[in-house]
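# Breakdown of the fold
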Number of protein chains: 4
Amino acid sequence: MTLRVAVAGASGYAGGEILRLLADHPEVELGVISAHTSAGRPLGEVQPHLAGQADKVLAETSAQSLGGHDVVFLALPHGQSAALAGELGEGTLVMDCGADFRLRRAADWERFYGTPHAGTWPYGLPELPGARAALKGASRVAVPGCYPTAVTLALYPAFAAGLVEPEAVVVAASGTSGAGRSVKPHLLGSEVMGSVSSYGVGGVHRHTPELTQNLSAVAGEAVTVSFTPTLVPMARGILATCSARVRPGVTEERIRAVHEAAYADEPFVRLLPPGRWPSTAAVLGSNSAQVQVTLDTDAGRLVAVSAIDNLTKGTAGGAVQSMNVALGLPEGLGLPKNGVAP
Amino acid sequence: MTLRVAVAGASGYAGGEILRLLADHPEVELGVISAHTSAGRPLGEVQPHLAGQADKVLAETSAQSLGGHDVVFLALPHGQSAALAGELGEGTLVMDCGADFRLRRAADWERFYGTPHAGTWPYGLPELPGARAALKGASRVAVPGCYPTAVTLALYPAFAAGLVEPEAVVVAASGTSGAGRSVKPHLLGSEVMGSVSSYGVGGVHRHTPELTQNLSAVAGEAVTVSFTPTLVPMARGILATCSARVRPGVTEERIRAVHEAAYADEPFVRLLPPGRWPSTAAVLGSNSAQVQVTLDTDAGRLVAVSAIDNLTKGTAGGAVQSMNVALGLPEGLGLPKNGVAP
Amino acid sequence: MTLRVAVAGASGYAGGEILRLLADHPEVELGVISAHTSAGRPLGEVQPHLAGQADKVLAETSAQSLGGHDVVFLALPHGQSAALAGELGEGTLVMDCGADFRLRRAADWERFYGTPHAGTWPYGLPELPGARAALKGASRVAVPGCYPTAVTLALYPAFAAGLVEPEAVVVAASGTSGAGRSVKPHLLGSEVMGSVSSYGVGGVHRHTPELTQNLSAVAGEAVTVSFTPTLVPMARGILATCSARVRPGVTEERIRAVHEAAYADEPFVRLLPPGRWPSTAAVLGSNSAQVQVTLDTDAGRLVAVSAIDNLTKGTAGGAVQSMNVALGLPEGLGLPKNGVAP
Amino acid sequence: MTLRVAVAGASGYAGGEILRLLADHPEVELGVISAHTSAGRPLGEVQPHLAGQADKVLAETSAQSLGGHDVVFLALPHGQSAALAGELGEGTLVMDCGADFRLRRAADWERFYGTPHAGTWPYGLPELPGARAALKGASRVAVPGCYPTAVTLALYPAFAAGLVEPEAVVVAASGTSGAGRSVKPHLLGSEVMGSVSSYGVGGVHRHTPELTQNLSAVAGEAVTVSFTPTLVPMARGILATCSARVRPGVTEERIRAVHEAAYADEPFVRLLPPGRWPSTAAVLGSNSAQVQVTLDTDAGRLVAVSAIDNLTKGTAGGAVQSMNVALGLPEGLGLPKNGVAP
């Protein structure tokens, strides 16, 4: 099977990463790549790292340009996917890397985004219980956010197994590419290098309802999450430090057993050997996640840490992985497991 | 008053920062500077940034070389301060930047350091209630650890005012200089740049009992702290993200009022205007701390964030500040308030 | 003497650094600080690292607001200084950190800037032969560019002593703050971190005529300079690697002697001991320059390297140093010699 | 054809990169991987980014362990390859990533390395004229050094076409991984971040004779090179800024035509469109090189700039490329063209 694949939003960071991965996917033939303000320019001017496709010219993003492909990846600002997707037939697999179709409750969407809710699509985190079955054969997939991917992989086994109380505390460090390619003063290199800062503190970050939704679903009860993102001086990577109060009688051994069972057969999640802790460098450019977990007996809390590349496993790689699942291809096709380090 | 001041451990990062600050202190005349393996070398070879003292030669660290000064700063590996301090008379003010005399409970020391407890000295965090009175006239001062400084400044007002339950969760990001100048593989630039990683997870970091001690003291009850340090790609700075469950009826307004009262008259702690969050770049090289706080109503938690330079306010600057208090000098003498940014 | 000092362009990187340094200058009382789009805002919002002046409000930059001060620092985009300076009386010392008055030949200005030449002011690099005499008592000073400062300090002794042929090759690495605070896509943290790139290659960078002018003046003949700037992943610092073919018979000993003589009495330039090479970290935040020089006998070239902080010695510190000279104050007043490292 | 491939020095940075690339090479089956002090440990402990081979155990490096493979990659400290290679039969293709067999003149080797010269092997830079013919069918290949790869790609076309005088000036910026994984104080993250520094100045860097050899060979006359390496705050990447005086009558058009001809059919070297300049981020993790060239008419010099990833095109990728050529495989097999950016 050779798939003809289009990518909308190819001038952005997520779009560029999708193109980088698709170049090594043996079943993909790249079709239209599109952008908005960069339409008409060769890709090499906009994404100089994509030497293999430097001469390919960016089309204008539209239902016309994107139509007629087997798969269309949408890497667009939130709120722009619904209209486009509506014009792409059910015969086209649409992978939406935006937030539009991730949330189940319209109230969550409206509170955090301020516009009417467009709907809910199958959720592209194959590692979640039941996710692969829901993705298989789907023609629409909501690709998870980068923070929710990292946090869910760190915490879902504990919640699914009932090890912890339904209140989590998450502090996540992210590289600057998570903010996209938009040009804002606080994202200047001079501001970012040598600095760590907080933003979106106090439950107001838009990924909060998504990770709450994921953990509540596996816990079978409402989970609250105190989520604080921080910006760190690197381009890529998320390290999520997550904790929750353990329920009475839960031991370190039980915690480890639960996580080993969750990830024993997962191709892209590596539970590290005891005593070793995740680092974002180890997963850079790969679709892998590193996870580690321990019990702080003094504080009575389970502490779980995960590391992903926000653009790969956290966006483009996760999208390709879910595309593979949706189409019945081998799940790891075209996806690197090894990080680019040091 | 001109003070004759010695610095032991002048070849390390903390020692170098003490020298940098003392060079601008109007009441200080630098006496002996000492080291161990670098003894006999000119400072300029070991600390090339200290151009003003490049030709001064490092003596061997000993009671002989350090004796006869008005003030001696000890920036030594933990466990080495007690013997030296014992040989320095009470007429000499000893500022210990190591951990040896910070903890009150011998059991804490023995559990985390594995050696007999040397004692407890007045604790050099002037911002803590009662601290200035205890420091004034002291001849021995235990300079706080860098993480405890950041965490205590973020959280003590809330605990002192009884706003939160006695269980805190802290995730702190630190630059690599916090690990000192010892040469370890995981601290190589190639490993650190582009990477965030966890270490000392699960309540095992040695600063845990110190910050627990500080918060328990102001709370008037035993506080547990789940503390996770992370290493981020920058040389200097700590950003501490701290949270605790609020007690019933505590409002955002009450939280803000408590913090404003705590820091209204503090020369080196700046509670940021609402909506602005700390960044480590803003305090680089300065003795200032930035603090911000909010209420996450969904999660029911107070979230407080602080930023300091681990080598300045977190070590050397804090030490000079406490020296000023101990000696009755103006507290801010010789200490920069402005950070070096961008 | 207490000087009342104004700073125009206080919202930019150069303006912020001037404010940081003036805060520690014992003869300076800060008067009006001004900006354009940020006028009306408190400084703390715009320059959060300047904790000591956080509440001071930015005025609109104008001859009215800046009038009546003893000294006015202009840190404005090039081309904006002449009109303002014309409205400030001769009784006010104007320190122009822009390029407007640095070049002697109108043709150079017009070729590189495309507008009519405004004139030439005394050049604020005190280390150049004759510069101090020209600066003393001046009421107008052209503060050098950051690259020309670094390159001139590395190379002028060799050209002044006739050691080398009049053709230099310079490759200089600069941190991103040299590009100012303007928001451009290629200056985003995501683009800059982990990357070194070239720009302004082939003799087209606007600092080229300035450094050519400096070297030609001391050489007493026309010097050509092949100048290539590169952008490196750090916020501050310039490392200039400079070389020129040695004239027959020039030895390593002679080269060293010339440089030792040039810098023996300079307070802010440190010729490193043989075998040690400059690093930008060693001068961060300080007004110091590090210089080293050697002879490559195989290639027949003198190689000189210098390191400065582009915002301090390269702009704001150099400006304060020249202000001190112009006003007859001790040259180093208020200026740090020690870098902030690590 | 499936090749059984061994890697010696698998615990280092070069060895790790070889393993990362081989994992995606469709004709390679990984055999023995070996190390010295890490022998006996699983790869995942030593190279945590190589998730795909985490459980493979490192053997001791020896002729016994490495024998019986179709291809053996040696990523060892210089001076250790000759003895090992001597015990591996001619039927095994040996790719030496060390310096031992790169230099043709024994005097060069002895001067820069101080030990007897081991010999000269076919040189693995396929882009050089005649190189592919020499590599095809070879059973021993000397993989070029990282700096020589970057410099030669930037400058060889100009020298081969006689455009420039035989004296080049090169200043190259390298990430820290070029120094390998050895633990030295100046390579600590705290020292490296935020700093650019020089080293090996004055013609003493060991890569000098290699790049001189390459340029002299294509020029057909002795070329001298003034080479200055600098260390910049990133883990990977080299940017080489190279220049030489142009011969009379050489125009920008002629320079461009020469470079276009040189690289029109090269799969891994991209001559950028006019006006665009190389950046190391664009080639990170890829086997691609970016090259750009211009004429500085004022200075009379051709300026050429190249960017590579020192570990990929500069070492491991170049080695795999040459292995492909030696074995008659498609030259680009298993090698990424796209960089990992941002």
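The structure presented is a predicted model; accordingly, all values stated were derived computationally and were not measured. (Residues numbered from 1 in each chain as written. Chains lettered and ligands numbered in written order. Predicted model: local features only at pLDDT ≥ 70, side-chain atom pairs only at ≥ 80, totals over all residues. Heavy atoms only, no water.)

## Remarks on the interface of chain D and chain A
It is common to give the size of an interface as the accessible area that goes away when the parts come together. Each partner contributes to the interface: chain D provides 32 residues, whereas chain A provides 32 residues. In this assembly, chain D packs against chain A so that about 2400 Å² is buried in total across both faces, 56% of it on carbon and sulfur atoms. Three residues, D:His49, D:Asn338 and D:Pro342, lead the burial of chain D against chain A; their summed loss comes to 27% of the area buried on that side. The interface formed by chain D and chain A includes 2 salt bridges. Two residues, D:Glu45 and A:Arg276, come together in a salt bridge whose shortest N-O distance is 3.7 Å. Put simply, the parts of the chain that give the side of chain D that touches chain A at least two residues each are helix 1 (13–22) and helix 2 (43–46) of chain D. Take the side of chain D that touches chain A: its biggest share by element is 4 residues, from helix 1 of chain D. A per-class count over the side of chain D that touches chain A returns 14 nonpolar, 10 polar and 8 charged. (Contact = heavy atoms within 4.5 Å. Buried area = accessible area lost by both parts, 1.4 Å probe. Salt bridge = Lys/Arg side-chain N within 4 Å of Asp/Glu carboxyl O. Helix = DSSP H or I, 4+ residues; strand = E, 2+ residues; numbered from the N terminus. Nonpolar A, V, L, I, M, F, W, Y, C, P; charged D, E, K, R; others polar.)

## Here we look at the pairing of strand 9 (residues 224–231) of chain B
Residue and element names in this part refer to chain B. Most of strand 9 sits out of view: 7 of its 8 residues are buried. Pairing of strand 7 (residues 164–174) with strand 9, which is carried by 8 bridges, proceeds in the parallel orientation. Paired with Val169 across the two strands is Ser226, which belongs to strand 9. (Buried < 20%, exposed > 50% of the residue type's maximum accessible area, 1.4 Å probe, protein only. Pairing = 2+ DSSP bridges.)

## A closer look at the UniProt feature "domain: Semialdehyde dehydrogenase NAD-binding" (unreviewed entry) in chain A
Per the UniProt record, the feature "domain: Semialdehyde dehydrogenase NAD-binding" (unreviewed entry) sits at residues 4–136 of chain A. Annotated as 29% helix and 17% strand, the span residues 4–136 of chain A places its first and last C-alpha atoms 19 Å apart. (UniProt positions renumbered as here; feature names shortened; annotations may be inferred.)

## Things to note about the relation of the copies chain B and chain A
In this structure, two copies of a chain are linked by a rotation about an axis accompanied by a shift along it. Rotating chain B by 180° and moving it 0.0 Å along the rotation axis overlays it on chain A with an RMSD of 0.0 Å. As the rotation angle and translation indicate, the two copies are arranged about a two-fold axis. Both copies contact each other with a shared surface, as 100% of the interface residues of chain B are interface residues in chain A too. (Least-squares fit on C-alpha atoms with pLDDT ≥ 70 in both.)

## Considerations on the UniProt feature "active site" (unreviewed entry) in chain A
Residue and element names in this part refer to chain A. UniProt tags Cys146 as "active site" (unreviewed entry). Structurally, Cys146 can be placed in helix 7 (residues 146–160). Apart from residues lying up to four places away in sequence, Cys146 is in contact with His207, Ile238, Ile308, Asn310 and Gly314.

## Thoughts on the packing of aromatic side chains
Residues and elements named next belong to chain B. What the rule picks out here adds up to 16 aromatic pairs over all chains. Summarising the aromatic geometry, the rings of Phe101 and Trp121 are spaced 3.8 Å apart at their centres and angled 5° between planes, so their arrangement reads as stacked. Here Phe101 is found in the loop between strand 5 (93–96) and helix 5 (106–113), whereas its partner Trp121 is found in the loop between helix 5 and helix 6 (131–135), with 20 residues between them in sequence. The two residues Phe101 and Trp121 agree in class, both being buried. Centre to centre, the rings of Tyr147 and Phe227 are 5.1 Å apart; their planes meet at 70°, and the pair counts as edge-to-face. (Phe/Tyr/Trp six-rings, centres within 6.5 Å; stacked < 30°, edge-to-face > 60°.)

## Observations concerning the pattern of salt bridges
Residue and element names in this part refer to chain C. Evaluated as defined, the whole model comprises 72 salt bridges over all chains. The salt bridge involving Glu210 is made with Arg102; its shortest N-O contact spans 3.4 Å. You can see Glu210 sitting in helix 9 (residues 208–219) and its partner Arg102 sitting in the loop between strand 5 (93–96) and helix 5 (106–113), a full 108 residues away along the chain. Classification of Glu210 by relative accessible area gives buried; the value is 2%. Residue Arg102 is classed as buried on the basis of its relative accessible area of 6%. Its salt-bridge partner being Asp309, residue Arg236 comes within 2.9 Å of it at the nearest N-O pair. One end of the pair, Arg236, is in the loop between strand 9 (224–231) and strand 10 (238–246); the other, Asp309, is in the loop between strand 13 (301–308) and helix 11 (312–327), and 73 residues separate them in sequence.

## Things to note about the relation of the copies chain D and chain A
Once chain D is rotated about the relating axis by 180° and shifted along it by 0.0 Å, it coincides with chain A to within an RMSD of 0.0 Å. Both copies contact each other with a shared surface, as 100% of the interface residues of chain D are interface residues in chain A too.

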